[in-house]
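Per-entry structural report
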Amino acid sequence: AAERNDGATTKKKKKKNGVCSPREAEARDENGDGRGRHEQERRNGASKNEKGKAPKEPWSDEELSMLAKAVKKFPAGARQRWEGIADYVSAQLRLPRPRTKDECIAKYHEQQATPAKPKAELPKKNTTAAAAEPTPEAPPTKWTPEQQKQLEAGLAKYPASLDANDRWKRIAADVQGRTKKECVERYKELRKGLQAGSGTGAAPRK
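On a predicted model such as this, the values are computed, not experimentally measured, just so you know.

Some words on the overall build of the chain
Regarding its fold elements, the chain presents 10 helices and zero strands. Put simply, the chain runs from its N terminus to its C terminus through helices and strands in the order α-α-α-α-α-α-α-α-α-α. Taking all 206 residues of the chain together, 20% fall into the buried category. In the chain, the proportion of contacts linking residues at least 24 apart, taken out of those at least 6 apart, comes to 40%. A total of about 17100 Å² of accessible surface is found on the chain, and carbon and sulfur atoms cover 51% of it.

As for the environment of Trp82
Inspection of the secondary structure puts Trp82 in helix α5 (residues 81-93). Through-space distance from the C-alpha of Trp82 to that of Asp102 is 8.1 Å; in sequence the pair is 20 residues apart.

Focus: the packing of helix α8 (residues 145-157) against helix α10 (residues 180-196)
Between α8 and α10, the shortest axis-to-axis distance is 11 Å and the interhelical angle comes to 90 degrees. In this view, α8 runs roughly perpendicular relative to α10, as classed from their interaxial angle. Residues Gln148, Leu151 and Leu155 of α8 touch α10, and the partners they reach there are Cys183, Arg186, Tyr187 and Leu190. Looking at side-chain class alone, the contact of α8 with α10 contains five nonpolar, one polar and one charged residues.

Topic: the packing of aromatic side chains
Going through the model one piece at a time under the given rule, you end up with three aromatic pairs. Centre to centre, the rings of Phe74 and Tyr88 are 6.2 Å apart; their planes meet at 70 degrees, and the pair counts as edge-to-face. Of this pair, Phe74 sits in the loop between α4 (61-73) and α5 while Tyr88 sits in helix α5, and the two are 14 residues apart along the sequence. Relative to Tyr108, the ring of Trp82 has its centre 5.4 Å away and its plane inclined at 55 degrees; by these criteria the two rings are tilted. Of this pair, Trp82 sits in helix α5 while Tyr108 sits in helix α6 (residues 101-113), and the two are 26 residues apart along the sequence. One cation-aromatic arrangement involves Arg81 over Trp82; the distance from NZ or CZ to the ring centre is 5.0 Å. Just above the ring of Trp168 sits the side chain of Arg167; from NZ or CZ to the centre is 5.8 Å.

Looking at α6
Compared with an ideal rise of 1.5 Å per residue, which puts 13 residues at 18 Å, α6 spans 19 Å between its outermost C-alpha atoms and is within 8% of the ideal. Taken together, the buried positions of α6 are occupied by Glu103, Cys104 and Lys107. Buried residues of α6, seen end-on, are gathered within an arc of 95 degrees and therefore sit on one face of the element. Exposed and facing more than 90 degrees away from the buried side of α6 are Asp102, Gln112 and Ala113.

Focus on unusual backbone geometry
For Gln80, which is not a glycine, the phi torsion comes out positive at approximately 50 degrees. Take Gln80: it is sitting in the loop between α4 and α5. The class for Gln80 is exposed, based on a relative accessible area of 55%. The phi torsion at Arg94 lies on the positive side, around 50 degrees, for a residue other than glycine. Judged by its relative accessible area of 75%, Arg94 falls in the exposed class.

Let's talk about the side chain of Arg178
Looking at the secondary structure, you find Arg178 in the loop between α9 (164-174) and α10. Assessed through its relative accessible area of 9%, Arg178 is described here as buried. Apart from the residues within four sequence positions on either side, Arg178 is in contact with Thr141, Lys142, Trp143, Gln147, Ala172 and Cys183.

Topic: α10
An α-helix turns once every 3.6 residues. As a result, residues three or four positions apart point the same way. Across its 17 residues, α10 extends 24 Å between first and last C-alpha, which sits within 8% of the 24 Å expected from 1.5 Å per residue. By the burial criterion, the buried members of α10 are Cys183, Val184, Arg186, Tyr187, Leu190 and Gly193. Against α8 and α9 lie the buried residues of α10.

Basis of the calculations
- Residues numbered from 1 in each chain as written.
- Predicted model: local features only at pLDDT ≥ 70, side-chain atom pairs only at ≥ 80, totals over all residues.
- Heavy atoms only, no water.
- Helix = DSSP H or I, 4+ residues; strand = E, 2+ residues; numbered from the N terminus.
- Buried < 20%, exposed > 50% of the residue type's maximum accessible area, 1.4 Å probe, protein only.
- Contact = heavy atoms within 4.5 Å.
- Areas by Shrake-Rupley, 256 points an atom, 1.4 Å probe, with all protein chains shown as cover.
- Axes fitted to C-alpha atoms, helices over the stretch in contact; angles between N-to-C directions.
- Parallel < 35°, antiparallel > 145°, perpendicular 65-115°, else oblique.
- Nonpolar A, V, L, I, M, F, W, Y, C, P; charged D, E, K, R; others polar.
- Phe/Tyr/Trp six-rings, centres within 6.5 Å; stacked < 30°, edge-to-face > 60°.
- Lys NZ or Arg CZ within 6 Å of the ring centre and 35° of its normal.
- Expected span 1.5 Å × (residues − 1).
- Arc of directions from axis to C-beta.

Here it is as structure tokens:
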């Protein structure tokens, strides 16, 4: 009986001193009392996650272009702007690893801080040489008898007492398919022919 009492007294002392048997320790862990073990497992898992974290991937030109479009599509002040930008870039390009909000913000500010590269200047065209070259004129078309009659009728209808510029404008308006310049040239041609006695047409009136 004395030995049993001594054993019970020893167990009580161990409990008071915080010492427990292996079975009691397992029971405490199962009941949620083993906080130290769970805390250690959580830390170990966090360290594994940090080690297995995927490295940052460089941005491609397509991603940068799509980011610029997304920034315009979601203007400042929009609700959950950067979440929408990140989703837009990832969805449009179907990225295997979607870009996060933080990645998009960091890259945007990086692009803003980096000065834009100057565009390569295209070689200028030599406009002076092009302007100096005469434009080839279309070969004159032959006057039809109908146009000749209209020209002669216009010369008779609009007297030389009118302003020369205004007169030839009116004459050309009555000659189908001919300009004022062509009418004047035709008139000079006919007058020159008559003076030479070639008889290339009826005598025009001034």
